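# Breakdown of the fold
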Amino acid sequence: MNNLSVVIKNFCTEGTVLTALPYGSGHINDTYKVETVESDCFNYILQRINHKIFKNVPGLMDNIDRVTRHIRMKLENTPGADPNRQGLTLIRTLDGKSFLQDPEGNFWRMYIFIEDNRSYDIVDTPEKAYEGGRMFGKFQSMIADLPGGPLHETIPNFHNIDMRLETLRQTIAMDPVGRASLVADEAAFVFARAEEMGTILHLGQKGLIPQRITHNDTKFNNVLLDNNDKGLCVIDLDTVMPGYVHYDFGDSIRTSTNTGAEDDPDLSKVEMDIRLFEAYTKGFLEETRSTLTVLELDNLALSGKLLPYMIGVRFLTDYVDGDNYFKIKHEHHNLQRARAQFKLLASQERQFSSMQEVVRKYL
Ligand code: ADP
Ligand code: GN1
Ligand code: MG
């Protein structure tokens, strides 16, 4: 708390700080909830940004500053909207910046804490899935007209599946920690699907589907719902940058339709629930359908498979590499995560024609 309180003193907070405790279940940043004594003062979210992963933090924070201001402007012009709850609000440092760099080289940022929210790692009802779809769809349409030129690419080639596969290949070949022999089955599963999973990237590279501003990390716990489980606010804006609509739709499908956990050790629990797929798709398309091209829509169901595949590839790569990227809770956590993603994909493969029918139903 001592170091944290020094950090906190550099931000323009109101009220007396009571506690600053680790918060949330993100895999990348260090997040703390800062509570203040006074009931009429905000609480805050303080984050140490992972600068090993995000190499250009000033660029990343410039993106977030632009995006949050743009959304705030839209909310301020929407009757009945609450900009402090429906959008993220950055707290400036004493010298007016959107982030702080401390003497050790760590980067910190602060947001208003959005009270009375619910965030879900597993989605258990179509109503919640629908709300998530609506929220991420709306997020995309709200930032579509962001002025001021392209956003910084905060992680280059983030969703480039060809590059992700090449990294997996190289990591297995180098086998830095002697785990390659443990992943032969998973690697065979991955490489057997490489061609199909390149479809969306290759359409994009040929200019056949448009680049949009996308969130790129639309994991379901990156949307906050309110106490009535109605959509409240899209959070975790570190990867908002140019991308294809499929990356946002697909990552939400990965996380909102799985009947098990992202890292479920019991693979019998991991299945795609087509009712959740339908509800998410309905919500997402209500907000985006009129702006999407035929080719984008034709490949939406495929993107539902692409993201479990891609994130599974990244978990597997990190496992073979010795766990340098994702936070882990135990020795084989990344392998367990990869297996759960591939089990989800296998379940989707069995239901793929139903997924395609659902997308057609909401066109
Ligand atoms: P990570 O990139 O590590 O996932 P997030 O930005 O998603 O970091 O934050 C981690 C968790 O903190 C979220 O899942 C959410 O529960 C919580 N959180 C983040 N920002 C806010 C906020 N402004 N208000 C309330 N909770 C928040
Ligand atoms: C990370 O930051 P978080 O926990 O929301 C990761 C995503 C993965 C996800 C898997 C910047 O998301 O790409 O899909 O873990 N974020 C980054 O749970 O790599
Ligand atoms: Mg997150």
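Preceding block: the structure.
Rules behind the numbers
Position numbers for residues count from 1 along each chain, tracking the sequence in the order it is written. Just so you know, chain letters begin at A and ligand numbers begin at 1, following the order they were written in. Local features in a predicted model are, by the rule used here, given only for residues with pLDDT of at least 70; side-chain atom pairs are given and counted only at 80 or more, and totals for whole chains, interfaces and linings are based on all residues. Only hydrogens and water are set aside when side-chain values are computed; all heavy atoms of the structure are taken into account. Think of it this way: DSSP has to see at least two bridges between two strands before they count as a pair. Secondary structure elements follow DSSP: runs of H or I no shorter than four residues count as helices, runs of E no shorter than two count as strands, and numbering proceeds from the N terminus. Two residues qualify as a contact provided that any one of their heavy atoms is within 4.5 Å of a heavy atom in the partner residue. Structural elements are reduced to axes, namely lines fitted to C-alpha atoms, with helices fitted over the stretch in contact, and the angle between N-to-C directions of any two is expressed from 0 to 180 degrees. Nearness is defined per residue: one heavy atom within 4 Å of the molecule or strand is enough. Any N or O atom pair separated by 3.5 Å or less is treated as a polar contact, with the protein-specific requirement of one donor-capable and one acceptor-capable atom, and with residues adjacent in sequence counted only for side-chain atom pairs. Accessible areas in this description were obtained via Shrake-Rupley with a 1.4 Å probe; residue shielding takes into account the shown protein chains only. In this classification, the charged set is Asp, Glu, Lys and Arg, the nonpolar set is Ala, Val, Leu, Ile, Met, Phe, Trp, Tyr, Cys and Pro, and all remaining amino acids, among them Gly, are polar. To form a nonpolar core, buried Ala, Val, Leu, Ile, Met, Phe, Trp, Tyr and Cys residues must be joined to one another through side-chain atoms within 4.5 Å. Each residue is placed in one exposure class: buried if its accessible area under a 1.4 Å probe, protein chains only, is under 20% of its type's maximum, exposed if it is over 50%, and partly exposed if it falls in between. For the domain bounds, the source is a domain assignment made automatically or taken from a database. The way it works is a 1 Å grid over only the protein atoms, where trapped points that fit a 1.4 Å probe form a cavity and open points with protein on both sides within 12 Å along at least five of seven lines form a pocket, and then any residue with an atom within 4 Å of a point lines it. The rule for placing a molecule in a cavity or pocket is simple: more than half of its atoms must lie within 2 Å of the grid points. The donor definition counts N, O and S atoms within 2.8 Å of each metal and applies 3.2 Å to Na, K and Ca; water is not among these atoms, so some sites may look incomplete.

Right, let's talk about the sheet that holds strand E6 (residues 117–118) for a bit. On the basis of which strands lie adjacent, the open sheet formed by three strands has the order E6-E8-E9 and antiparallel pairing. In this open sheet, the two edge strands, each paired with only one partner strand, are E6 and strand E9 (231–234). Bridging between E6 and strand E8 (residues 223–226) involves two bridges; their strand directions are antiparallel. Residue pairing in the sheet places Arg118 in a bridge with Leu225 of E8. The sheet contacts of helix H4 (residues 126–143) involve E8 and E9, and relative to E9 the element is tilted by about 45 degrees.

Near ligand 1 there are 20 residues, and of these Gln47, Ile112, Ile114, Asn222 and Asp236 occur at the shortest range. Contacts to ligand 1 include Gln47, whose side-chain N or O atom sits 2.9 Å from an oxygen atom. One of the side-chain nitrogen or oxygen atoms of Asp236 is found 3.0 Å away from an oxygen atom of ligand 1. Here ligand 1 has 550 Å² of accessible area as a free molecule, and 96% of this is covered by the chains. Broken down by secondary-structure element, the contributors of at least two residues to the shell around ligand 1 are strand E3 (44–49) and strand E5 (107–112). Its residues placed into classes, the shell around ligand 1 shows 10 nonpolar, nine polar and one charged.

Attention now goes to the nonpolar core. Membership of the largest hydrophobic core comes to 95 residues, with the highest contact counts inside it found for Val67, Leu306 and Tyr309. Counting residues per element, this core draws most heavily on helix H12 (residues 300–321), which supplies 13 residues. Summarising the domain contributions, this core has at least three residues from each of domain 1 (2–112) and domain 2 (126–361). One finds Ile8, Tyr44, Leu46 and Trp108 within the second-largest nonpolar core, a separate group that totals 14 residues.

Within the structure, ligand 2 sits among 17 residues, and His27, Lys219, Glu262, Arg314 and Tyr325 are positioned closest to it. In the model, an oxygen atom of ligand 2 is placed 3.1 Å from a nitrogen or oxygen of the Asn222 side chain. Residue Arg314 places a side-chain N or O atom 2.8 Å away from an oxygen atom belonging to ligand 2. Burial of ligand 2 by the surrounding chains reaches 97%, relative to a free accessible area of 440 Å². Spatially, ligand 2 is embedded in the largest pocket. Ranked by residue count, the leading element in the shell around ligand 2 is H12, at three residues. For the shell around ligand 2, a count of residues per class yields seven nonpolar, four polar and six charged. Looking at the shell around ligand 2, you find at least three residues from each of domain 1 (2–112) and domain 2 (126–361).

Let's shift gears to the coordination of the magnesium ion (ligand 3). Asn222 (OD1) and Asp236 (OD) make up the full set of protein donors to the magnesium ion (ligand 3), lying at 2.3 Å. Of this pair, Asn222 sits in the loop between strand E7 (212–214) and E8 while Asp236 sits in the loop between E9 and strand E10 (241–243), and the two are 14 residues apart along the sequence.

In short, geometric facts, not functional conclusions.
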